[in-house]
Amino acid sequence: MERIKEVAQININSQNYLIYLTKKAIKKIIIRVDPLNNIHLNYPKSCSAARALKYLEEHIAWVVKVIDSNQNRYQDMEMNACMKLEKMWILGKIYKIIICDGCKNEYQLEDSNLILSGNFSKSISKMINDYQMILIDEFEKISILFKTKIRQNPHLKIKKMKSRWGSCNYRNGKIALNIRLIHTPIELIRFVIFHEFCHFLYPNHSKNFYNLLKEFLPDYKRFEKELKKFSFYLTL
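Calculation criteria
- Residues numbered from 1 in each chain as written.
- Predicted model: local features only at pLDDT ≥ 70, side-chain atom pairs only at ≥ 80, totals over all residues.
- Heavy atoms only, no water.
- Helix = DSSP H or I, 4+ residues; strand = E, 2+ residues; numbered from the N terminus.
- Buried < 20%, exposed > 50% of the residue type's maximum accessible area, 1.4 Å probe, protein only.
- Polar contact = N/O pair within 3.5 Å; in protein donor to acceptor, adjacent residues only side chain to side chain.
- Contact = heavy atoms within 4.5 Å.
- Pairing = 2+ DSSP bridges.
- Axes fitted to C-alpha atoms, helices over the stretch in contact; angles between N-to-C directions.
- Disulfide = S-S within 2.5 Å.

*Asks:* What am I meant to see in the environment of S48 here?
*Replies:* Topologically, S48 is positioned in the loop between β4 (39-44) and α1 (49-58). Along the primary structure S48 and K23 are separated by 25 residues, whereas in three dimensions their C-alpha atoms are 8.7 Å apart.

Given below as structure tokens:
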């Protein structure tokens, strides 16, 4: 398990941002800005932390561009309220979370409210467990469309993932879907599943892969863009 060696700060336009420095078995320095605008700086074992920070300074214009993009992307998503669990997106609609100590149902959607019983964690777990059936249903529907196209026997695993919405192992036929997909609209759930099924035929992101994806979803680029708006859920 890789361990964060150091945490630093950088001031950009009068605002402080955290930098997480991690030494890894990689060949080059990699900069990543997460949805919360924390900066992740991964660097090779042969490189010093000072050199990695110098590299970050040399590429600060790119970091600023990503931070600005994040702020624009999430401005209509009420991200802060979602991070505080004051609100929650469910299938592409945002709900205000209300705790009801006397309610019999563990959870209930009413207008724009998500009403939870007094046991918050139990109610959320129940809701997530129920809504994952939507992922299973969509997986099975799309699986039928690929039945004559692929040699694998697809099977599904639903789990939490920190950096991706889905994955495909084309060798053993396993597709993994992130349970956080329940927060996104149904069309984005379908997009992710189609994306992973296309990897059974093209286990890369080649031109042939995207041509196949386009056959099923001509508007896939719009879905890619929309899905990025929900990427802050990957950090929860």
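*Asks:* Where do I start with the side chain of N70 in this structure?
*Replies:* Looking at the element boundaries, N70 is found in helix α2 (residues 60-74). Note on N70: relative accessible area 4%, which makes it buried. Of note is the side chain of N70, whose polar atom sits 2.8 Å from the side chain of N37. Not counting chain neighbours up to four residues away, the residues in contact with N70 comprise V33, D34, P35 and N37.

*Asks:* What's the story with the sheet that holds strand β7 (residues 107-110) in this structure? I'm lost.
*Replies:* Pairing between sheet strands relies on hydrogen bonds along the backbone, with the strands arranged either parallel or antiparallel. Sheet architecture is open: four strands sit in the order β5-β6-β8-β7, paired in mixed fashion. Both outer strands of the open sheet, β5 (87-90) and β7, are each paired with one neighbouring strand and no more. For this sheet, the mean inter-axis angle between neighbouring strands, taken without regard to orientation, is 35 degrees. Where strand β6 (residues 93-100) meets strand β8 (residues 113-117), five bridges bridge the pair, whose relative direction is parallel. For I99, the partnering residue across the bridge sits in β8 and is L116.

*Asks:* Would you mind showing me how to read the state of the cysteines here?
*Replies:* Under the defined criterion, the tally for this structure stands at one disulfide. Each disulfide pairs two cysteine sulfurs, and for C100 the partner residue is C103, the sulfurs being separated by 2.0 Å. A torsion of 90 degrees about the S-S bond marks the disulfide between C100 and C103 as right-handed. You can call C103 partly exposed: its relative accessible area is 29%. Free cysteine: C168, not disulfide-bonded; nearest cysteine sulfur from C198 at 9.6 Å.

Honestly, it's all geometry; don't read function into it.
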